[in-house]
Amino acid sequence: MLENLSKTIESISKIEVSAERKAVLQPLVDYIQNKVNTHEEIRLNFICTHNSRRSHLSQIWAQTMAFQFGIKNVFCYSGGTEATAMFPKVGETLVKQGFQIQQLSQEQNPVYAVKFDDNQHPIICFSKTYFDDFNPKTNFGAIMTCNNADEGCPMVFGTEARFSIKYDDPKAFDGTDVMNEKYTERSLQIACEMYFVFSQIK
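Residues numbered from 1 in each chain as written. Predicted model: local features only at pLDDT ≥ 70, side-chain atom pairs only at ≥ 80, totals over all residues. Heavy atoms only, no water.

Novice: Tell me what's going on with the packing of aromatic side chains, and back it up with residues and numbers.
Specialist: Counted under the stated rule, the structure contains seven aromatic pairs. On the basis of an interplanar angle of 75° and a centroid distance of 4.8 Å, the ring pair of F69 and Y195 is categorised as edge-to-face. Here the residue F69 occupies a position in the loop between α3 (54-68) and β2 (74-80), and Y195 occupies one in helix α6 (residues 179-199), the gap between them amounting to 126 residues. One Lys or Arg, R53, reaches over the ring of F87 and ends 3.9 Å from the middle of that ring. Between K182 and the ring centre of F173, over which it is positioned, the NZ or CZ distance is 5.0 Å. (Phe/Tyr/Trp six-rings, centres within 6.5 Å; stacked < 30°, edge-to-face > 60°. Helix = DSSP H or I, 4+ residues; strand = E, 2+ residues; numbered from the N terminus. Lys NZ or Arg CZ within 6 Å of the ring centre and 35° of its normal.)

See below:
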């Protein structure tokens, strides 16, 4: 694990997830544990409306925490009901928290490589629909990270299980004095909850 990221995770490990949120997260824990027990690959697709903020944060932190706890064969993805772009503040926030991010393309919807460890394959991030060819078509868990995607996707085709784990949108604070603080706060909340999920896997 990258040194500065290890320090962030160490501080996260001391934060207690509320009983209410643990109850929300438990079905995802059970899904992952069942996959581990049956020696199956674990594919998680984090879905939000625009695949620009919360779904990327969730994808990145889930993949990182799977590595942190030594859970093998975990493949994390993200998608939206429409494609836009990964919002730049998401990358800035993650770099401050210890990730290394390389922008691989220059178009309106850039592709990013996000590294959490010197020797591990980077997480590839760009905005896409949840059913994009980049993402798995079957045998995956769909994690709905916002209200709009949850309500706007009554069916997620190909999924084995669906989980509603919603986060408030930091976009509400774009352009305000507390923008940086709110993006940091949301990233750390997601990090804490993904830490809890993977810490429960035996």
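Novice: An account of the pairing of strand β6 (residues 140-144) is requested, with residue identities and associated values reported.
Specialist: Taken across its five residues, β6 has five buried, putting it largely inside the fold. Along β6, one buried face is formed by F140, A142 and M144 and the opposite face, lined by G141 and I143, is buried too. Strand direction decides the pairing type here: strand β1 (residues 42-48) and β6, joined by four bridges, are parallel. In the strand pairing of β6, I47 is matched with M144. Pairing between β6 and strand β7 (residues 159-164): five bridges, direction parallel. The residue of β7 that forms the bridge with A142 is R162. (Buried < 20%, exposed > 50% of the residue type's maximum accessible area, 1.4 Å probe, protein only. Pairing = 2+ DSSP bridges.)

Novice: Any details on the nonpolar core? Residues and values, ideally.
Specialist: Nonpolar side chains in soluble globular proteins tend to end up buried together. Counting 47 residues, the largest nonpolar core has I32, L44, W61, M65, M194 and F198 as its most contacted members. If we skip the residues at most four places from it in the chain, L44 touches L28, Y31, I32, F75, C76, Y77, G141, I143 and F198. Counting six residues, the second largest nonpolar core, distinct from the first, contains Y130, F140, A142 and V156. (Core = buried A, V, L, I, M, F, W, Y, C linked by side-chain atoms within 4.5 Å. Contact = heavy atoms within 4.5 Å.)

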